[in-house]
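An overview of the molecular structure
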Amino acid sequence: AAGVIQSPRHLIKEKRETATLKCYPIPRHDTVYWYQQGPGQDPQFLISFYEKMQSDKGSIPDRFSAQQFSDYHSELNMSSLELGDSALYFCASGRIRTPLPYEQYFGPGTRLTVT
Amino acid sequence: KQEVTQIPAALSVPEGENLVLNCSFTDSAIYNLQWFRQDPGKGLTSLLLIQSSQREQTSGRLNASLDKSSGRSTLYIAASQPGDSATYLCAVRFTNAGGTSYGKLTFGQGTILTVHP
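Every value quoted in this text rests on a predicted model; they were computed, and no experiment measured them.

To continue, consider the sheet that holds strand E7 (residues 64–68) of chain A. Residue and element names in this part refer to chain A. Taken in spatial order, the four strands of this open sheet run E1-E3-E8-E7, and their pairing is antiparallel. What marks the edges here is a single partner per strand, and that holds for strand E1 (5–7) and E7. Put simply, the sheet's adjacent strands are angled 15 degrees from each other on average, direction ignored. With three bridges joining them, E1 and strand E3 (residues 19–24) adopt antiparallel strand pairing. Each bridged residue has a counterpart across the sheet, and for Ile 5 the counterpart in E3 is Tyr 24.

Structural data, given as structure tokens:
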């Protein structure tokens, strides 16, 4: 079965650089979520999109922005990177309009290292 | 504030032992609850999902229970094996005042499980 695809899997950037993370949800899923997991921490919700519109916003810094495109893939853009942005970034997808128990399916994550 | 707490933070058991991981949440208005497994530096593997209307779910050696009124869930692992060693995360999808949910998950800090031979 198709899973959530994230690219790149690993990314190394220097301070003050920009980074773009990509997420390709499971086909026919209408919702995408972004989470950030710092070293030794639990995943923290950043932002979500439903049908290409922002549906919820969490602890996402102003330096970050995200969007969902017409093909439902999503991109997380990160500017003026700081050392503290080093983390594992997860994308998850789900389908709100479903009679089945709603479940979020997580991608493998992108490990961002800022030096 | 809607929060999720897991105890213990770490657990070390001998192989073959049955064990229980605990998760508590501050708001009983939940849509569902998911248990995940995470290996070091890896992604999240969904183990079980319990809807708010359910009391428990089972998958193989795993059994998860939900007591919404007391704000608690437990993950029971039977006959533990060294391959079960990982971090186990509890995540809750809370509902809003209107009874719907935006879908985001609120995670606990996780329990690091080590099963030694």
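All names here are of chain A. Only one face of strand E11 (residues 110–114) is buried, namely the one carrying Thr 110, Leu 112 and Val 114, since none of Arg 111 and Thr 113 on the opposite face is buried. Summarising the sheet, strand E2 (residues 10–13) and E11 pair through four bridges and their orientation is parallel. Looking at the pairing, His 10 lines up with Arg 111 of E11.

The next subject is the interface of chain B and chain A. Each partner contributes to the interface: chain B provides 21 residues, whereas chain A provides 17 residues. Where chain B touches chain A, the interface holds one salt bridge. Taking the shortest distance from any N to any O, the salt bridge between Asp56(A) and Lys104(B) comes out at 3.7 Å. Between the two partners, chain B and chain A, sit six residue pairs in polar contact (both at pLDDT 80 or more). Broken down by secondary-structure element, the contributors of at least two residues to the side of chain B that touches chain A are strand E4 (30–38), strand E5 (44–51) and strand E9 (86–94) of chain B. With five residues, E4(B) is the single largest residue contributor to the side of chain B that touches chain A.

Reading guide: rules and limits
Residues numbered from 1 in each chain as written. Chains lettered and ligands numbered in written order. Predicted model: local features only at pLDDT ≥ 70, side-chain atom pairs only at ≥ 80, totals over all residues. Heavy atoms only, no water. Pairing = 2+ DSSP bridges. Helix = DSSP H or I, 4+ residues; strand = E, 2+ residues; numbered from the N terminus. Axes fitted to C-alpha atoms, helices over the stretch in contact; angles between N-to-C directions. Buried < 20%, exposed > 50% of the residue type's maximum accessible area, 1.4 Å probe, protein only. Contact = heavy atoms within 4.5 Å. Salt bridge = Lys/Arg side-chain N within 4 Å of Asp/Glu carboxyl O. Polar contact = N/O pair within 3.5 Å; in protein donor to acceptor, adjacent residues only side chain to side chain.

Limitation: the analysis is restricted to geometry and does not speak to function.
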